[in-house]
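Residues per chain are reported as follows:
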Amino acid sequence: MHLTTKALVLRETAYKESDKILTLLSQTEGRLTVSARGCRKKGSAVAAACQMLVWAEFTLYEFQGRWAVKEAVIERSFPGVTSDLDKLALASYLAEVTEALSEEGQPEPELLSLTLNSLHALDKLSLPPALVKTAFEWKAMAIAGYEPMLDGCAVCGAEAPEQPRLNLTAGVLHCAACRGEVGEGISMPLTSAALAGVRHFVWGDPKRLFSVTWDSESLRRSGEASEAYLMTRLERGFRTLDFYKSVTLEK
C-alpha cells in the first residue's frame, strides 16, 4: 500500500546507523510517524526532505507495520529560519506545540495552516519573533478547543473590563475588582490594547493574523499570558521553549 501526501516535518530522530524516525503533520492524514530508511547515507535521494521544518511531498509505503519514506520532494524549506539560531529555536518550539496539539491520523488543516503561516512569517516577514510566537500560541489554543472566554468580564459582564485579567485555570476574562469571584488559579494582567490583540488573534481572520500594531508593553503582557495559558491548559512544559529562552536571554 502506498500513500502520497504533502507534509511538514515536525521532528526528526536518528535511528540505527543510517535511518531516521520522522514525525510529520500531513495535509490529508494528520500526524504520522514514519521511518526514513537510509536517509542519513551519503547520496540519499530523500535526505534533504527528511529534515525538520521542511514542507515536502512524501510517497510512503507500509513496512513492518509502519509507514516508510519511498520518495520525497521538497516543496518549501525555510532558509531564513534555519540559518538564524533565534528563529530556529522559536520554530522548533512551534513545531513541538503543533505535535502536542495534533492527533495521530487525524487531519488538522487549520493547525497545519497556522504552523506553515507562522514559519513563513519568521522566514520572510520583518516581524518581531515575539509577535509571531504570541499570535501562534493564542490561535493554536483556539483551534485545539481551548479558546478562552473573551467576550467580557465573567463576573460583572463588562465588555471592556477595568484593568483586565485572564484567569489561566478557568480560561475567563475578568476585571481586577472581580478577582475574588472568579475562583482559584493565577490571573494574568492585560492592558486594554493587549486584550484587543488577544481578541484579534483568537477571533480574527487567520490570513491577517500578524497584522497587529501595538506597544511593547502590550505585546509583553499578551505574550506572557499566551505562554502561561498554553502551559496551564496542556499541563506541561516544552524543552524547546526553554532552549528558545536560553538563546534569547544570552543577547
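Residues numbered from 1 in each chain as written. Predicted model: local features only at pLDDT ≥ 70, side-chain atom pairs only at ≥ 80, totals over all residues. Heavy atoms only, no water.

Structural notes on the pattern of salt bridges
Evaluation of the coordinates by the stated rule reveals twelve salt bridges. Linking Arg 11 and Glu 99 is a salt bridge whose minimum nitrogen-to-oxygen distance equals 2.6 Å. Of this pair, Arg 11 sits in strand E1 (residues 2–15) while Glu 99 sits in helix H2 (residues 85–101); the two residues are 88 residues apart in sequence, bridging distant segments of the chain. A relative accessible area of 15% means that Glu 99 is categorised as buried. (Salt bridge = Lys/Arg side-chain N within 4 Å of Asp/Glu carboxyl O. Helix = DSSP H or I, 4+ residues; strand = E, 2+ residues; numbered from the N terminus. Buried < 20%, exposed > 50% of the residue type's maximum accessible area, 1.4 Å probe, protein only.)

Topic: the packing of aromatic side chains
For the structure shown, the criterion picks out four aromatic pairs. Between Tyr 93 and Phe 238, the aromatic rings sit 5.8 Å apart at their centres with planes inclined by 80°, giving edge-to-face as the arrangement. Here the residue Tyr 93 occupies a position in helix H2, and Phe 238 occupies one in the loop between helix H6 (216–234) and helix H7 (239–249), the gap between them amounting to 145 residues. Taking 5.7 Å as the distance between ring centres and 85° as the angle between the ring planes, the aromatic pair formed by Phe 201 and Trp 214 counts as edge-to-face. You can see Phe 201 sitting in helix H5 (residues 192–203) and its partner Trp 214 sitting in the loop between H5 and H6, a full 13 residues away along the chain. (Phe/Tyr/Trp six-rings, centres within 6.5 Å; stacked < 30°, edge-to-face > 60°.)

Re the environment of Lys 124
Relative to the helices and strands, Lys 124 is located in helix H3 (residues 109–124). Along the backbone, Lys 124 and Met 231 are 107 residues apart, and their C-alpha atoms lie at a distance of 28 Å.

As for the pairing of strand E4 (residues 55–63)
Pairing between E1 and E4: seven bridges, direction antiparallel. Bridge pairing in E4 links Ala 7 to Ala 56. Here E4 pairs with strand E5 (residues 66–76) via nine bridges, running antiparallel. Pairing of Phe 63 across the sheet is with Arg 66, part of E5. Counted between consecutive antiparallel strands, the loop separating E4 from E5 contains two residues, among which Gln 64 sits at a positive phi close to 50°. (Pairing = 2+ DSSP bridges.)

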